[in-house]
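Tertiary structure, described
Residues per chain are reported as follows:
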Amino acid sequence: MLPIHTIFFQILRYCCELTQMENKLETVSLLDLPETVIELVLAKVPEEDILTCNLVCRAWKELICRKSFWKKRFQDKKLNLYEIPKCVQDMQGGWMILYSQYCRGILSKNYNRMPPCQKKFPNQQIPEAPSSCHILLADQELERNGIFTHSNFFEREIDMCYFATSFRWCSKSYKVDLWREGLKPGLMKLILPFRIKCTRICAAGFDCGSRFEWEIRILDSQLKFINVSKHPNILVEPRDDWESAEYSIEFRRKDANHLKDLRYVEFLHRGKHTPCWTYHSAAKFARSSMTVELCEHKPEDFDIP
Amino acid sequence: MALVRVISSDGAAFLVSQRLAKRSGKLKTEIETFRKSSDNSEAQPEIRIVTIRAEILRLVLQWLQQHQNDPVLPANQNEQDGRGDAEMGQSQWDRDFLAPMDLGIVMELILAANHLEVKGLLDITCKLVESKITGRTVDEIRTAFKLKSDFKGNEEEQTRLENRWCVEN
């Protein structure tokens with residue numbers, strides 16, 4: 001028979017152990033954590049890791065798909081969430097558009113990454129032009145990075161931001177890889193209807209007129225043409241103002257099945273002087289832009305399942 | 001020195017100086033509310049925090065004590081500014097403070113820091129948990145957070161497909 005006080009202490013110890021165990025159990029199980037904590041933490045996770053987090057479990061995925069999750073991030077990065085229409089934000093998979101807009105600005109950037117030339121050359125002094133083509137390379141860095149590729153259409157020369165030509169045809173082009181820029185077929189389908197808008201800027205010499213042409217090509221991943229739109233010759237009067245024009249190609253619901261082939265947009269323009277004797281001044285091309293914009297829905301968009 | 005009694009969900013009372021307590025946005029509001037409603041300006045305020053247990057509350061107060069002379073960071077400070085970012089404020093003391101804690105405790109601290117509006121503590125705790133996520137694989141994250149995949153049918157496959165659309169080639 002144990003003395004009474006030993007039994008008492010035994011019981012007391014047992015109780016203490018129980019309490020300790022309870023304390024251990026009380027430690028919040030990570031599964032039951034209120035959403036707030038996960039939200040607070042995920043808000044700080046770098047964007048590239050978001051695509052791992054949404055595979056962890058349903059709760060995390062659900063959180064990442066939520067508009068409020070992105071609203072906060074857009075604010076932190078000083079981006080405007082309202083550039084994306086509400087219907088796109090709310091649709092199933094809309095988070096992908098939010099993600100891609102947040103990381104790559106698919107709906108607000110200029111896909112043409114040539115630096116703006118008007119800023120670089122505020123008062124263009126066109127140097128003496130050689131017989132065929134005079135090219136001002138403003139930023140050879142870009143070429144080394146392989147952003148632009150050569151090909152043999154026209155007597156094309158690749159320039160980085162701005163070039164001036166003399167009396168023979170001279171052209172410039174750029175090719176955008178939409179997939180590499182973050183606009184993949186799955187996303188294109190979500191943002192239907194949308195348009196790819198190209199803008200070009202050019203100017204004639206101050207003492208002679210110029211002739212310009214431009215062309216937009218849509219290519220698939222094998223570089224086969226899907227769509228080519230050629231624009232007629234335009235004549236620009238002798239003056240130094242910059243002239244701009246834009247053209248867009250629309251994709252609507254009925255085109256949904258073709259989107260998987262859509263990969264490159266190639267944009268080229270070329271120009272030459274109207275008189276053949278001049279070499280003092282020249283036709284000028286500046287940076288062009290390519291943007292992706294959402295379009296209004298038309299009634300026929302809704303007829304297609 | 002004016003004091004305030006802060007009481008945890010499990011009934012433990014902590015007596016702290018008002019100056020220290022006011023470094024928590026929530027406690028500051030509570031103290032001010034108490035002042036307005038009380039006729040006796042000498043009365044000692046008593047604040048019940050029903051969502052935080054003693055162990056966690058003690059840690060928050062300990063952290064506040066250590067950082068009592070730091071500038072107070074506005075809660076809505078923009079992350080892009082860089083200022084007030086966790087890394088800037090994280091001292092050796094903070095690292096030693098957080099080192100022995102398991103993830104569960106840290107998560108509770110996050111909740112507490114959020115509730116009490118202690119931005120500095122919220123930053124360093126979130127940063128710590130975030131480091132268990134950043135650069136890890138899905139399985140590593142699940143292990144660290146003791147989570148199991150609860151996707152049904154092809155949900156996980158669908159998410160993988162969606163993710164592929166979001167990354168460049």
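Computed from a predicted structure; not experimentally measured.

Attention now goes to the overall build of chain B. Counting secondary structure elements, chain B contains nine helices and three strands. When the helices and strands of chain B are placed in sequence order, the string is β-β-α-α-β-α-α-α-α-α-α-α. Each of the 169 residues in chain B was classed as buried or not, and the buried ones make up 42%. Across chain B, every contact between residues at least 6 apart in sequence was considered, and the portion connecting residues at least 24 apart equals 62%. Accessible area of chain B: about 9200 Å², with a carbon and sulfur share of 49%.

With that settled, the discussion passes to the UniProt feature "domain: SKP1 component POZ" (unreviewed entry) in chain B. UniProt feature "domain: SKP1 component POZ" (unreviewed entry): in the numbering of this structure it lies at residues 4-69 of chain B. The span residues 4-69 of chain B is 45% helical and 18% strand by assignment, and the distance between its end C-alpha atoms comes to 19 Å.

This part takes up the pairing of strand β1 (residues 3-7) of chain B. Residue and element names in this part refer to chain B. Taken together, the five bridges between β1 and strand β2 (residues 13-17) define a ladder with antiparallel strand orientation. Among the inter-strand pairings, Ile7 is bridged to a residue of β2, identified as Ala13. Counting the residues between successive antiparallel strands, the hairpin from β1 to β2 contains five residues, one of them, Gly11, with a positive phi of roughly 90°.

What follows is about the interface of chain B and chain A. With 48 residues of chain B at the interface, the matching set in chain A holds 42 residues. Between chain B and chain A we count three salt bridges in total. Listed by contribution, the elements that provide at least two residues to the side of chain B that touches chain A are α6 (103-116), α7 (119-131), α8 (138-144) and α9 (155-166) of chain B. Counting residues per element, the side of chain B that touches chain A draws most heavily on α9 of chain B, at nine residues. For the side of chain B that touches chain A, the residue count by class is 18 nonpolar, 11 polar and 19 charged.

This part takes up the UniProt feature "domain: SKP1 component dimerisation" (unreviewed entry) in chain B. Here the UniProt-annotated "domain: SKP1 component dimerisation" (unreviewed entry) positions come out as residues 119-166 of chain B. As annotated, residues 119-166 of chain B comprises 67% helix and 0% strand, and the C-alpha atoms at either end are separated by 32 Å.

This brings us to unusual backbone geometry. The omega torsion of the bond from Leu192 of chain A to Pro193 of chain A falls at -10°, within 30 degrees of zero and hence cis. Among the secondary structure elements, Pro193 of chain A is positioned in the loop between α10 (185-191) and β4 (194-203). Despite not being glycine, Glu117 of chain B has its phi angle at roughly 55°, a positive value. By secondary structure assignment, the location of Glu117 of chain B is in the loop between α6 and α7.

For the rest of this paragraph, the subject is the state of the cysteines. Residue and element names in this part refer to chain A. What the rule picks out here adds up to zero disulfides over all chains. Among the cysteines around Cys198, which has no disulfide bond, Cys295 carries the closest sulfur, lying 13 Å off. Unpaired in terms of disulfides, Cys295 finds its nearest cysteine sulfur in Cys87, a separation of 12 Å. For Cys295, a relative accessible area of 12% gives the class buried.

The subject of this paragraph is the confidence of the model for chain A. Residues and elements named next belong to chain A. Residues at a pLDDT of 70 or more form 61% of chain A, whose mean pLDDT is 71. For residues 15-31, every residue scores under 50 in pLDDT, and the model assigns this stretch 18 contacts once sequence neighbours within four places are set aside. Within the model, pLDDT remains below 50 along residues 115-162, and this stretch shows 109 contacts once partners closer than five positions in the same chain are excluded.

This brings us to the environment of Glu250 of chain A. Residues and elements named next belong to chain A. Tracing the chain through its elements places Glu250 in strand β7 (residues 243-251). Using a relative accessible area of 35% as the deciding quantity, one classes Glu250 as partly exposed. In this structure the C-alpha to C-alpha distance between Glu250 and Lys197, which are 53 residues apart in sequence, comes to 8.5 Å. Ignoring sequence-local partners within four residues, the contact set of Glu250 consists of Phe194, Arg195, Asp255, Cys295 and Lys298.

Cut-off values and rules
- Every chain is numbered on its own, with residues counted from 1 as its sequence reads.
- Here chains are named by letter from A upward and ligands by number from 1 upward, in the order in which they appear as written.
- This being a predicted model, a pLDDT of at least 70 is required before a residue's local features are given, and a value of 80 or more before pairs of side-chain atoms are given or counted; all residues contribute to the totals for chains, interfaces and linings.
- Hydrogens and waters are ignored; side-chain quantities use all the structure's heavy atoms.
- Every helix listed is a DSSP run of H or I at least four residues long, and every strand listed is a run of E at least two residues long, numbered separately from the N terminus.
- Each residue is placed in one exposure class: buried if its accessible area under a 1.4 Å probe, protein chains only, is under 20% of its type's maximum, exposed if it is over 50%, and partly exposed if it falls in between.
- We call two residues contacting when some pair of their heavy atoms lies within 4.5 Å.
- Areas reported here follow the Shrake-Rupley algorithm with a probe of radius 1.4 Å; residue values treat only the protein chains shown as occluding.
- UniProt positions are given in the numbering used here, feature names are shortened, and annotations may be inferred rather than shown by experiment.
- A pair of strands is considered paired only if DSSP assigns at least 2 bridges between the two.
- Counted as salt bridges are all cases of a side-chain nitrogen of Lys or Arg within 4 Å of a carboxyl oxygen of Asp or Glu.
- Following the grouping adopted for this structure description, the nonpolar residues are Ala, Val, Leu, Ile, Met, Phe, Trp, Tyr, Cys and Pro, the charged ones are Asp, Glu, Lys and Arg, and the polar ones are all others, Gly among them.
- We call a pair of cysteine sulfur atoms a disulfide when they lie within 2.5 Å.
- The score called pLDDT rates the predictor's confidence residue by residue, from a low of 0 to a high of 100.

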